[in-house]
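Chain and residue survey
The primary structure of each chain is shown beneath.
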Amino acid sequence: MEYLRDDIAGMAGYVPGFQPENPDQWIKLNTNENPYPPSPAVLAAIREATGSDLRTYPDAACQAGRVAAANLFGYPVEWTIMANGSDELLNNLIRACVAEGEEVAYLHPSYSYYATLAEVQGAKIRTFPLTEEGEILDFPERYEGRLFFLTSPNAPLGLNWSLDEVAALADRCSGLLVVDEAYADFAGQNCLELVRQKPNVVITRTLSKSYSLAGMRLGFAIARPEIVAALDKIRDHYNLDRLAQVALVAALEDQAYFQECVARICATRERFAAGLTDLGYKVLPSGGNYLFASPPDRNGKRVYDALFSRQILVRYFSDPALAHGLRISIGTDEEMTRTLSAMAEVG
Ligand SMILES: *Cc1c(COP(=O)(O)O)cnc(C)c1O
């Protein structure tokens, strides 16, 4: 197509997890959504905001959201920025820091959307292998690329890095170290304090998983004010609509509901892991709301197909590094009990 950039015309594009037409007829464990509804306070805030306010533009800065995040995490407001999903931040961090032809790196396996974002920017891509034991291979003593994404906990494997390990990585990066903490709320640990300690660390978070708000598209970052200012320059100025803004504040302020939900999912995760281990599966330790598990015959596709035919949807990756297993999101206790029985039947 003569009107398109050659690289855009030639690129494959990201393929999001499958969303079935009648989700109620499935046990849907393929996109790490939260099985519980968002806080009732969130729904009330959205209902209240659906009045005549929608006629006027939202607050371009999303100041109330920044204040809520600043209060919650103990950072000054200027160190926070809100986004239309954390994907927006990942994109804008590349746009702000990586020029065409410069390099972006991330681990393989991790979140494959980084590749799409880097490609659109015309950036070079480098990956470092990650073993199932959590070892990062071939990472140079000093990494000179412009930006390194560390997904922590790792998706899809679930592995965590300690604060000291991430701090050591930050010291080895010449460019920015973006710690994508999409799942950190389920890990019982995080790297938030590194933003203060290391000039090159940025943390991104999402409300899609731990706050049950994937449908609202809400994320945020904690970063140094100079980085926040750059991200503010290049984002869509009205990136969060009015409903998203009130939902964000209500969600962050209802910590009691949030903590109960997260604790329930972590307890279900541990029960499900034990059940899978009893079935002979190899289950990696997970700090996320999902498990990566391999059947004894290391044939992920076989189990995926068998579960699919029973209306249970999990995530299979044809990538040779992942094809031996499945990533299974943690649903309710009942959903996981039914999934486990189906897996026992399937063998
Ligand atoms: C889900 C996910 C995101 C995207 O979060 P949104 O806020 O929904 O855009 C980012 N990184 C990882 C690793 C994820 O799994």
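Residues numbered from 1 in each chain as written. Predicted model: local features only at pLDDT ≥ 70, side-chain atom pairs only at ≥ 80, totals over all residues. Heavy atoms only, no water.

Attention shifts here to the sheet that holds strand β4 (residues 124-129). The sheet built from seven strands is open, its strands ordered β2-β8-β7-β6-β5-β3-β4 with mixed pairing. Each having just a single partner strand, β2 (80-83) and β4 make up the two edges of the open sheet. The sheet shows a mean angle of 20 degrees between the axes of neighbouring strands, taken without regard to direction. Pairing of strand β3 (residues 103-108) with strand β5 (residues 147-151), which is carried by three bridges, proceeds in the parallel orientation. When the bridges of β5 are listed, A105 appears paired with F148. Its contacts with the sheet put helix α4 (residues 86-97) on β2, β3, β5, β6 (176-180), β7 (201-206) and β8 (219-222), and the angle it makes with β7 is roughly 155 degrees. (Pairing = 2+ DSSP bridges. Helix = DSSP H or I, 4+ residues; strand = E, 2+ residues; numbered from the N terminus. Axes fitted to C-alpha atoms, helices over the stretch in contact; angles between N-to-C directions. Contact = heavy atoms within 4.5 Å.)

Here the focus is the side chain of N289. By the element assignment, N289 lies in the loop between β9 (282-283) and β10 (290-294). What makes N289 buried here is its relative accessible area of 0%. Among the polar contacts made by the side chain of N289, one reaches the main-chain carbonyl oxygen of N32 at a distance of 3.0 Å. Sequence-distant contacts of N289, defined by excluding residues within four places in its chain, comprise N32, E33, Y183, F186, K209, I265, S329 and I330. (Buried < 20%, exposed > 50% of the residue type's maximum accessible area, 1.4 Å probe, protein only. Polar contact = N/O pair within 3.5 Å; in protein donor to acceptor, adjacent residues only side chain to side chain.)

We now examine the environment of A44. With respect to the helices and strands, the residue A44 is situated in helix α2 (residues 40-49). For A44 and G13, which are 31 residues apart along the polypeptide, the C-alpha to C-alpha distance reads 37 Å.

Residue placement: E270 occurs in helix α10 (residues 255-278). Take E270: its relative accessible area is 45%, and that puts it in the partly exposed class.

This brings us to the site of the ligand. Taken together, 13 residues form the shell around the ligand, and within it S86, Y183, T206, S208 and K209 come nearest. A distance of 3.0 Å separates an oxygen atom of the ligand from a polar atom in the backbone of D87. Here K209 contributes a side-chain N or O atom positioned 3.0 Å from an oxygen atom of the ligand. Against a free-state accessible area of 390 Å², the protein chains account for coverage of 93% of the ligand. (Near = heavy atom within 4 Å. Areas by Shrake-Rupley, 256 points an atom, 1.4 Å probe, with all protein chains shown as cover.)

Looking now at the sheet that holds β10. Judged by pairing direction, the sheet is antiparallel, and its three strands sit side by side in the order β9-β10-β12 without closing on themselves. Either end of the sheet is taken by a strand with one partner, and the two such strands are β9 and β12 (326-329). Of the pairings in the sheet, the one linking β9 to β10 comprises two bridges and is antiparallel in character. Within the sheet, the bridge partner assigned to K282 lies in β10 and is S294. Relative to β10, α10 is tilted by about 5 degrees, and along the sheet it contacts β9, β10 and β12.

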